[in-house]
Amino acid sequence: ILLPVAVVIGINTGEDNDSSDPVATVAAASDVTAAAGAVQVTNFAFVPKELTVAPGGQLTFQNTSNTEHRVQVGDGEAKILAAGETWQWNATEPGTFELVCTAHPNEMTGEVVVE
């Protein structure tokens, strides 16, 4: 006996519903909670990969993977993060800064906007 089988195919409606690249907005340091300014360094990606922070704000990068990463914001020195380590970056000047893991620059990039 053969039974009919239904196949469901997703259709792209043209709308951008991609939630894999969330954008986080972080207020000045006095208004930031630890979770609001947190950036996970995991699975060879920054989560979120695009962030906006006010001057005086702070971002906390936490390496939640088992791999060592080297986080660099703009032209600053790359900070080495072993598994489980954290690092705070202070937004001192307005501008747009490239976010990159210098150990994995092809996979791990992002952007920090200070405004």
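Above this text sits the structure in question.
Note that the coordinates shown come from a computational prediction; the quantities given were computed from them, not determined experimentally.

## What about the overall build of the chain?
Moving on, step 1. Helix and strand counts for the chain come out as zero helices and 10 strands.
Moving on, step 2. Put simply, the chain runs from its N terminus to its C terminus through helices and strands in the order β-β-β-β-β-β-β-β-β-β.
Moving on, step 3. Classification of the 115 residues of the chain by burial places 30% in the buried group.
Moving on, step 4. For the chain, long-range pairs separated by at least 24 residues make up 55% of all intrachain contacts whose partners lie at least 6 apart in sequence.
Moving on, step 5. When the accessible surface of the chain is totalled, it reaches about 7500 Å², and 49% of it is carbon and sulfur.

## A word on the sheet that holds strand 2 (residues 38–42)
Moving on, step 1. Spatial strand order, 3-2-5-8: four strands in an open sheet with mixed pairing. For this open sheet the edge positions go to strand 3 (45–47) and strand 8 (86–90), each flanked by a neighbour on one side alone. Put simply, the sheet's adjacent strands are angled 25° from each other on average, direction ignored.
Moving on, step 2. Across five bridges, the pairing between strand 5 (residues 58–63) and strand 8 is antiparallel. Residue pairing in the sheet places Leu59 in a bridge with Trp89 of strand 8.

## Brief notes about the nonpolar core
Moving on, step 1. With 18 residues, the main nonpolar core has Phe46, Phe61, Val71, Trp89, Leu99 and Val112 as its most contacted residues.
Moving on, step 2. At the level of elements, strand 2, strand 4 (50–53), strand 5, strand 6 (69–73), strand 8, strand 9 (95–101) and strand 10 (109–114) are the ones that each hand at least two residues to this core.
Moving on, step 3. Those residues in contact with Leu99 that lie beyond four places of it in its chain are Phe46, Lys49, Leu51, Phe61, Val71, Gln72, Val73, Met108, Thr109, Gly110, Glu111 and Val112.

## So, the pattern of salt bridges
Moving on, step 1. Tallied over the entire structure, the rule returns one salt bridge.
Moving on, step 2. Where Glu68 meets Arg70, a salt bridge forms, and the shortest distance between an N and an O atom there is 3.1 Å.
Moving on, step 3. Owing to a relative accessible area of 31%, Arg70 belongs among the partly exposed residues under this scheme.

## What to know about the environment of Glu68
Moving on, step 1. Checked against the element boundaries, Glu68 lands in the loop between strand 5 and strand 6.
Moving on, step 2. Residues Glu68 and His104, 36 residues apart in the sequence, show an inter-C-alpha distance of 9.9 Å.
Moving on, step 3. If near-sequence neighbours (up to four positions away) are discounted, Glu68 is found in contact with Asn63, Ile80, Leu81, Ala82 and His104.

## As for the pairing of strand 5
Two faces make up the sheet, and in a regular strand the side chains alternate between them.
Moving on, step 1. On strand 5, burial follows the alternation: Leu59, Phe61 and Asn63 on one face are buried, whereas Gln58, Thr60 and Gln62 on the facing-out side are not.
Moving on, step 2. As paired elements, strand 2 and strand 5 share four bridges and run parallel to each other. Its bridge partner lying in strand 5, Gln40 is registered against Gln62.

## Digging into the side chain of His104
Moving on, step 1. By secondary structure assignment, the location of His104 is in the loop between strand 9 and strand 10.
Moving on, step 2. Not counting residues up to four positions away in its chain, the partners in contact with His104 are Phe44, Thr67, Glu68 and His69.

Procedures and definitions
- Residues numbered from 1 in each chain as written.
- Predicted model: local features only at pLDDT ≥ 70, side-chain atom pairs only at ≥ 80, totals over all residues.
- Heavy atoms only, no water.
- Helix = DSSP H or I, 4+ residues; strand = E, 2+ residues; numbered from the N terminus.
- Buried < 20%, exposed > 50% of the residue type's maximum accessible area, 1.4 Å probe, protein only.
- Contact = heavy atoms within 4.5 Å.
- Areas by Shrake-Rupley, 256 points an atom, 1.4 Å probe, with all protein chains shown as cover.
- Pairing = 2+ DSSP bridges.
- Axes fitted to C-alpha atoms, helices over the stretch in contact; angles between N-to-C directions.
- Core = buried A, V, L, I, M, F, W, Y, C linked by side-chain atoms within 4.5 Å.
- Salt bridge = Lys/Arg side-chain N within 4 Å of Asp/Glu carboxyl O.

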